[in-house]
Amino acid sequence: MTQALFFQYLFAGISYGVIYAIVAIGFNIIYNTTGIINFAQGEFVMLGGMISISLLHYFPLPVAIALAVVITMLVGALIEIIFIRWLDSPSVLRMIIITIGLSILIREVALHIWGESIRSLPYFIGNELTTVSIGPVRISPQVFWVVGVCGIMVLGLSLFFKMTSVGREMRACSANRTAAILCGINTRNMVTLSFMLSAGIGALAGCVMSPITYTQYDCGTSLAIKGFTVAILGGLGNSMGAVAAGILLGIIEAYSVAFVPLAFQDAISITILLIILFVRPHGIFGSSAAARLKEF
Amino acid sequence: MKRLGIKIILGAAALCMLALPVQAGTYKVGAIFAVTGGASFLGGPEARSAQMVVDAINKNGGINGNKIELIIKDSGANPEKAISFAKQLIEEEKVLAIIGPSTSGESMKIKKIAQQGKTPLISCGAAEVIVNPVASYVFKTPQKDSFAVKKIYAEMKKMGIDKIAVVAGNTGFGKAGKAQLTKIAPEYGIKVLAAETYDKKATDLTALVAKLMANKEIQAVVNWSIVPAQAIIAKNMRQAGWKVPLFQSHGFGNIKYVQAAGAAAEGIIFPAGRLLVADSLPDSNPQKKMLLKYKHDYESRYKEAASTFGGHGYDAMNILVAALEKGGADRGKIRSAIENLHGFPGIGGVFTFSPKDHNGLDINSFAMLTVKDGKFVLYDGK
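Residues numbered from 1 in each chain as written. Chains lettered and ligands numbered in written order. Predicted model: local features only at pLDDT ≥ 70, side-chain atom pairs only at ≥ 80, totals over all residues. Heavy atoms only, no water.

S.K.: Explain the pattern of salt bridges here, please?
M.R.: Where side chains of opposite charge bring their charged atoms close, a pairing between them can arise. Applying the stated rule across the entire model yields 14 salt bridges over all chains. A salt bridge links Lys211(B) to Glu196(B); the shortest N-O distance between them is 2.9 Å. Taken together, the residues Lys211(B) in helix α7 (residues 206-213) and Glu196(B) in strand β7 (residues 191-198) connect sequence positions 15 residues apart. For Lys211(B), a relative accessible area of 25% gives the class partly exposed. Accessibility expressed as a relative area gives 7% for Glu196(B), which makes it buried. With its nearest N and O atoms 3.0 Å apart, the salt bridge here joins Arg335(B) to Glu339(B). Residue Arg335(B) and its partner Glu339(B) are both found in helix α12 (residues 331-339); the two are separated by 4 residues, about one turn of the helix. The two residues Arg335(B) and Glu339(B) agree in class, both being buried. Taken together, the shared-partner salt bridges connect Lys226(A), Glu253(A) and Asp266(A) into one network. (Salt bridge = Lys/Arg side-chain N within 4 Å of Asp/Glu carboxyl O. Helix = DSSP H or I, 4+ residues; strand = E, 2+ residues; numbered from the N terminus. Buried < 20%, exposed > 50% of the residue type's maximum accessible area, 1.4 Å probe, protein only.)

S.K.: Teacher, can you tell me more about the domain arrangement of chain B here?
M.R.: All names here are of chain B. Assigned domains of chain B: these are domain 1 (7-143 + 289-351) and domain 2 (145-272 + 366-378). Between the C-alpha centres of domain 1 and domain 2 there is a distance of 32 Å. Listed as interface residues are 10 residues of domain 1 and, on the opposing side, 13 residues of domain 2. When domain 1 packs against domain 2, close to 980 Å² is buried across both sides, 58% of that on carbon and sulfur atoms. Broken down residue by residue, the surface that domain 1 buries against domain 2 is led by Phe-41, Gln-143 and Phe-309, which jointly contribute 47%. Along the contact surface separating domain 1 from domain 2 lie 1 salt bridge. The residue Lys-256 makes a salt bridge to Glu-304 at a minimum N-O spacing of 3.9 Å. Between the two partners, domain 1 and domain 2, sit 1 residue pair in polar contact (both at pLDDT 80 or more). Residue composition of the side of domain 1 that touches domain 2, grouped by class: 5 nonpolar, 3 polar and 2 charged. (Domains from an automatic or database assignment. Contact = heavy atoms within 4.5 Å. Buried area = accessible area lost by both parts, 1.4 Å probe. Polar contact = N/O pair within 3.5 Å; in protein donor to acceptor, adjacent residues only side chain to side chain. Nonpolar A, V, L, I, M, F, W, Y, C, P; charged D, E, K, R; others polar.)

S.K.: Could you clarify how one ought to interpret helix α6 (residues 165-175) of chain A in this entry?
M.R.: Along α6(A), the residues that are buried comprise Gly167(A), Met170(A) and Cys173(A). The buried residues of α6(A) all sit within an arc of 115° when viewed along its axis, so they share a single face. (Arc of directions from axis to C-beta.)

S.K.: Would you mind going over the sheet that holds strand β2 (residues 67-74) of chain B with me for this structure?
M.R.: The strands making up a sheet are joined through hydrogen bonds of the backbone, oriented either antiparallel or parallel. Residue and element names in this part refer to chain B. Taking strand neighbours across the sheet as the criterion, the 5 strands line up as β2-β1-β3-β4-β5 in an open arrangement whose pairing is parallel. At either end of the open sheet lies a strand with only one pairing partner, and these are β2 and β5 (138-140). With strand direction ignored, the average angle separating the axes of adjacent strands in the sheet is 25°. Relative to strand β4 (residues 121-123), strand β3 (residues 97-99) is paired through 2 bridges, and the arrangement is parallel. (Pairing = 2+ DSSP bridges. Axes fitted to C-alpha atoms, helices over the stretch in contact; angles between N-to-C directions.)

S.K.: Hey, could you run me through the interface of chain B and chain A in this one?
M.R.: Think of interface size as the accessible area that goes away when the parts come together; that is how it is often given. Facing 36 residues of chain B, the contacting portion of chain A comprises 33 residues. Here chain B and chain A share an interface that buries about 2900 Å² over both sides, 58% of which is from carbon and sulfur atoms. Inspection of the chain B/chain A interface yields 0 salt bridges. Linking chain B with chain A are 11 residue pairs in polar contact (both at pLDDT 80 or more). Secondary structure elements with two or more residues in the side of chain B that touches chain A: α2 (40-59), β7, α7, α8 (229-239) and α9 (255-261) of chain B. The class makeup of the residues in the side of chain B that touches chain A is 17 nonpolar, 10 polar and 9 charged.

S.K.: Got a minute to help me understand the packing of aromatic side chains in this structure?
M.R.: Ring pairs (aromatic) are described by centroid distance and by the angle formed between their planes. In total, this model carries 19 aromatic pairs over all chains according to the counting rule given. Between Phe252(B) and Phe376(B), the aromatic rings sit 6.4 Å apart at their centres with planes inclined by 80°, giving edge-to-face as the arrangement. Of the two residues, Phe252(B) sits in the loop between β9 (246-248) and α9 while Phe376(B) sits in strand β14 (residues 375-378), which places them 124 residues apart along the sequence. Since its relative accessible area comes to 0%, Phe252(B) is described here as buried. On the accessibility criterion, Phe376(B) (10% relative accessible area) is buried. Following the ring pairs from residue to residue traces out a cluster consisting of Phe6(A), Phe7(A), Tyr9(A) and Tyr255(A). Of note, Arg335(B) hangs over the ring of Tyr137(B), and the distance from its end group to the ring centre comes to 5.7 Å. (Phe/Tyr/Trp six-rings, centres within 6.5 Å; stacked < 30°, edge-to-face > 60°. Lys NZ or Arg CZ within 6 Å of the ring centre and 35° of its normal.)

Dropping the structure here:
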């Protein structure tokens, strides 16, 4: 493998990986407050992309993206309030089935609103042909947007969860719900907030990646599978772990192209998911002691 | 006793009411299209186009006074659903004919069912196997894959290209295309140096492009798929600074992919029906009037660009209407009426069916197109 090819694969892997990581972080936020996996996470990504594309007819790009994020957050809140809030200590299985049902519902609604055609936001800088050269490698500037936005989100989130009292309250809900209630934390509001937060993050991700990956009513499902793999790989609830695992998976996928036919690319990520689930269910970066204390 | 009498009268009246619409005359026609799911960009426009034909005919009083009742079933590109819909339409609804399904996979599953049920089936699937070997009741409207491949290779010969890479999506369409490309290549003295398949949901093909680009012998790339990856491969190739010609299949004939690929779509060469360049055809072209009418009707009603895929549904319905005009409500007569259609201009080409040819189109139904300034234009060589 030539040096140029080596770096080309590396950068391709990073740009895949960061996208997976953002989706995984969305999983983590809801997991951190509710202890459940929201399988409608991929649909938030799709909604963010779709809404911003529709709003672009009326507003400039930054405003359209901001509005799309806000609207998706409202959708997230609405979903939680209508379908989840009134449940009295639901089981994990029940919550998973509900979120899977929601993901199908959102997809069908999106199909009716936007139809089956693919859409995309324009490139934030330049157009489809603009590239930045780093040594022998050429990359689209949009990749930097994705990496940058992801970086800022991870940083902001970890600060939010560690430094602010709302963030700490949200973590308390996940650690021990009864104790959190006894401390006077309104756990139901925290769950709503976590749905809004993860919807917002998903939507923002959907906007920055739209020029690269395109947006279609059913693009959320495959992203959710990759994002879920990454979330497990990095240890559920661990945002930094998700970024590392995302980039790792992206790079593995990219280099795999050199050695096996491309058709096996997705088989590789699913194989990794299965191996991790069997061997280290708490993820590469998670601790097994902490995992044992969790319900799921 | 008196009560019973009233009941009988009421019952008879109810029966009369039920029977009335039948006496007025309706032709029941079934349609199976993938309106949702992975092939919805095919099934959606196909269903809308077929409905448009039916509405226009019913508005003008129907066929010889008989209205058409079109029953559209959404298979979601799922062959199992297509099978149960086909059975339902034939056995319960007792339709005179079925148009669709949208994909080759579904069409192959119900080929036998239609044949055994002696119900004419006009498929919108592209694969050649649907009509080869011929089943007497099964027809199809899209051009054959092999014509598209031959068109591309002929063009390559003109350009002096003989070493190529083939990439395809992992759909039925992609797989069939890849097989045809590798099979027909030797006939034109073309060597396929690399053949790769990617997932139909692929969102980035940078790594694949890097791998192919490292092979300096490759003179051109052929991509065969019907998924958004058509636009992604173009983008990734141009971003990587790879300047070899990119050929696509007739699946690229949707202006939305051109919009999605933006500047990267410029110069892509692909075979397609003439709908996409209808405006620039000479007036002597037998299809021109039909193409412009379809484009105008579809775009003014549905507010979206007409595609060649919708054209397959439009052709299927129009062929069936022509057959109904001759055959009436008799499945066997409808079948032979389709088989005897000659020089019937449609969106895909000019159809001439025969007992041996249930597709009715020849290689000239394809034209070579390219993208210039974000629009489809006829390709006239460099």
